[in-house]
Amino acid sequence: MSKHNEMQAVAGGGLLDRRLFLKKGLSFSALALSADVLAAELDAPRPEWAQKPGTPFSNYGHPSRYEQKTIRWTMGNAMAAGNGVSWTPLQDLEGMITPSGLHFERHHNGVPQIDPAQHKLLIHGLVNQSLVFTMEDLQRYPMTSVLCFIECGGNSNAGWQTQPIQTQVGYFHGMASCSEWTGIPLRLLLNEAQIKGRAKWLIAEGADASLMNVSLPLDKALDDCILALYQNGERIRPENGYPLRLIVPGWEGVVNVKWLRRLHLTNQPTMARNETSKYTELMPSGKARQFTFVMEAKSLITQPSFGHKLKQPGLYQISGLAWSGRGKIAKVEVSADGGKTWAEAQLQEPVLSKCFTRFRIPWQWNGQQAILKSRAIDETGYVQPERDVLVKSQGQHGYFHYNAIVSWEVASNGSISHVYA
Ligand SMILES: Nc1nc2c(c(=O)[nH]1)N[C@H]1C(S)=C(S)[C@@H](COP(=O)(O)O)O[C@H]1N2
Ligand SMILES: [Mo]
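Quantities reported herein were computed from a predicted structural model and do not represent experimental measurements.

Colleague: Sorry if this is basic, but what is going on with the overall build of the chain here?
Modeller: In terms of helices and strands, the chain carries 6 helices and 24 strands. At 24 Å, the chain has a C-alpha radius of gyration in line with the 22 Å of a compact globule built from 421 residues. By principal-axis analysis of the C-alpha atoms, the chain measures approximately 80 × 65 × 40 Å. Scored against the burial criterion, the 421 residues of the chain give a buried share of 50%. Considering only intrachain contacts with a sequence separation of at least 6, the fraction spanning at least 24 residues in the chain is 72%. Just so you have it, the chain exposes about 20,600 Å², and 52% of that area is on carbon and sulfur atoms.

Set out below in structure tokens:
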């Protein structure tokens, strides 16, 4: 049976060495078969679906009908049509890529139904040559792919509440998703327009009725931004910006302007609603901090998490996501004893800059109360803070940029709740 006693535990609370997965003869939860049961299994009649031809081909695939519960949770706003959120069900997903149909959504005025044949991109302002592009024109430019997360600055904001919210991890943290975005390096098009020396900012505007516009420092625009036409290999979904979207890797969601129609080069920010009254940080002093673009390192355990239940003591795989707007994840540490001791999780390759990184570590649950935590450290050395540290530095009135360590309490009956610990 199991060989747990051979394994060296690396931290308290039953956390085991991440290399344990490589060992042979591990027992997670498969049923060991006696000769009789094996014979009965082999003799069992073939299931119905193995006795006749399956369903025919289809033009576009859908998930299995047995997976209908894996959906985005949506929340509209009765006062403002088209304003709302849908959350990615992070607790049901694995790996690092979010399926396009489950990418979170944040719209300020619904999803415009844009005809790509009529959509254009305009570049003007502090340039020597104003330019206009049709979507067909853009197809001729050299493209590249960026695998990156997009996270709303308001993601996880329930964490600021004084009581820990009891809800699934997706509803709590699912305003973050990760895709392969393919399109044209923004620098290419800006260089074609010939930027004037005085230009410092780029105002990006969407074609939805909210006329979303945001200011982006030109340095970032010339660094790693792209104008994406594709998401996970196919044309971008309408919800995520079809037919053209600005991708600003590692920076808060709001600057990733969807349905992009205009780039205006200026020497100062535009001070739009979404960078003055919204998406700013109210500090303990009562002053608000503007242009907090970078999403700091964050991690969370998605398996097991709130809503899951451990059936019995034994060996489990802890699995979660980590990401940082400053670069690559260097390390993720996991604790099963509320932060007294930590063990290093295995990072799934490839580990990419500003991209979801999947971590895993085996855990031997002894059937007693345990507190699971994960802590991300990025390549700049930044360490994801404990909640009390974050609240102390940011104050009680925060709404955006909550990235504290998340704690799940596993009760002795295997049920899981969210705690501040
Ligand atoms: N044109 C436009 N761009 C937009 C928005 C919008 O409402 N209109 N919402 C922004 C916000 S606040 C976020 S968090 C992201 C959400 O991107 P997604 O819906 O693809 O997840 O898009 C940003 N870009
Ligand atoms: Mo957002």
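Colleague: Explain the site of ligand 1 to me, please; I cannot follow it from the model alone.
Modeller: Inspection of the region around ligand 1 gives 20 residues, with Phe104, His108, Asp208, Arg245 and Lys258 positioned closest. Here a nitrogen atom of ligand 1 and a side-chain polar atom of Asp208 are 2.8 Å apart. Contact with the protein chains hides 100% of the accessible area of ligand 1, taken as 530 Å² for the molecule alone. Per-element tally for the shell around ligand 1: the top contributor is strand 3 (residues 105–107), with 3 residues.

Colleague: Got a minute to help me understand the nonpolar core in this structure?
Modeller: When a protein is soluble and globular, its nonpolar side chains tend to lie buried together. Judged by nonpolar contacts, the single largest core of 52 residues is most densely connected at Leu121, Ile123, Leu189, Leu216, Leu246, Leu260 and Leu265. Leaving out residues up to four positions away in the same chain, Leu246 has contacts with Leu186, Ala204, Leu216, Cys225, Ile226, Leu227, Val255, Asn256, Val257 and Leu260. In terms of nonpolar packing, the next biggest core, distinct from the first, is built from 40 residues, Ala11, Trp323, Ile329 and Ala336 among them.

Colleague: Hey, could you run me through a nonpolar patch on the surface in this one?
Modeller: Side chains of Leu33, Val37, Leu38 and Leu42 sit close together on the surface and give an oily, nonpolar patch of about 380 Å² of accessible area. Relative to the helices and strands, Leu38 resides in helix 1 (residues 35–43).

Colleague: Explain the pairing of strand 4 (residues 120–125) here, please?
Modeller: When a strand is regular, its side chains alternate between the sheet's two faces. By the bridge criterion, 4 bridges tie strand 4 to strand 5 (residues 131–134) in an arrangement that is antiparallel. Looking at strand 5, one finds that Leu122 is bridged to Val132. What sits between strand 4 and strand 5 in their antiparallel hairpin is a turn of 5 residues. Relative to strand 13 (residues 260–266), strand 4 is paired through 4 bridges, and the arrangement is parallel. Looking across to strand 13, one finds that Gly125 is bridged to Leu265.

Colleague: Help me out: how do you make sense of the domain arrangement of the chain in this one?
Modeller: Accessible area lost during the coming together of the parts is what is often quoted as the interface size. Partitioning the chain into domains gives domain 1 (120–289) and domain 2 (298–419). Each of domain 1 and domain 2 has a C-alpha centre, and the two are 28 Å apart. Taken together, the contacts link 37 residues of domain 1 with 32 residues of domain 2. Of the roughly 2,900 Å² buried between domain 1 and domain 2, counting both surfaces, carbon and sulfur atoms make up 62%. Three residues, Phe149, Trp160 and Val169, lead the burial of domain 1 against domain 2; their summed loss comes to 26% of the area buried on that side.

Colleague: Help me out: how do you make sense of the sheet that holds strand 23 (residues 407–410) in this one?
Modeller: Strand pairing in a sheet relies on backbone hydrogen bonds. The paired strands run either parallel or antiparallel. The strand order across the open sheet built from 5 strands is 19-18-22-23-24, with neighbouring strands paired in antiparallel fashion. The outermost strands of the open sheet, each flanked by one partner alone, are strand 19 (343–344) and strand 24 (416–419). With 4 bridges connecting them, strand 23 and strand 24 associate as antiparallel partners. Looking at strand 24, one finds that Ser407 is bridged to Val419.

Colleague: Which parts of the structure should I look at to understand empty space enclosed by the protein?
Modeller: One simple way to see leftover space: roll a probe sized like a water molecule over the atoms. By the definition in use, this model includes 5 cavities of 30 Å³ or more. Roughly 240 Å³ of internal volume is contained in the largest cavity. Lining of the largest cavity is provided by 21 residues; of these, Arg106, Arg245, Gly253, Asn256 and Lys258 occupy positions nearest its centre. It is strand 3 that provides the largest number of residues to the lining of the largest cavity, a total of 3 residues. In the lining of the largest cavity, the residues fall into 8 nonpolar, 7 polar and 6 charged.

What counts and what doesn't
Residues numbered from 1 in each chain as written. Chains lettered and ligands numbered in written order. Predicted model: local features only at pLDDT ≥ 70, side-chain atom pairs only at ≥ 80, totals over all residues. Heavy atoms only, no water. Helix = DSSP H or I, 4+ residues; strand = E, 2+ residues; numbered from the N terminus. Rg over C-alpha atoms; globule rule 2.2 N^0.38 Å. Buried < 20%, exposed > 50% of the residue type's maximum accessible area, 1.4 Å probe, protein only. Contact = heavy atoms within 4.5 Å. Areas by Shrake-Rupley, 256 points an atom, 1.4 Å probe, with all protein chains shown as cover. Near = heavy atom within 4 Å. Polar contact = N/O pair within 3.5 Å; in protein donor to acceptor, adjacent residues only side chain to side chain. Core = buried A, V, L, I, M, F, W, Y, C linked by side-chain atoms within 4.5 Å. Patch = residues over 30% accessible without salt bridge, like charges linked within 9 Å, V, L, I, M, F, W, Y side chains within 5 Å. Salt bridge = Lys/Arg side-chain N within 4 Å of Asp/Glu carboxyl O. Pairing = 2+ DSSP bridges. Domains from an automatic or database assignment. Buried area = accessible area lost by both parts, 1.4 Å probe. 1 Å grid on protein atoms, 1.4 Å probe; cavity = no way out; pocket = protein on both sides within 12 Å on 5 of 7 lines; lining within 4 Å. Points joined across faces, edges and corners; volume = space filled by probe spheres on them. Nonpolar A, V, L, I, M, F, W, Y, C, P; charged D, E, K, R; others polar.

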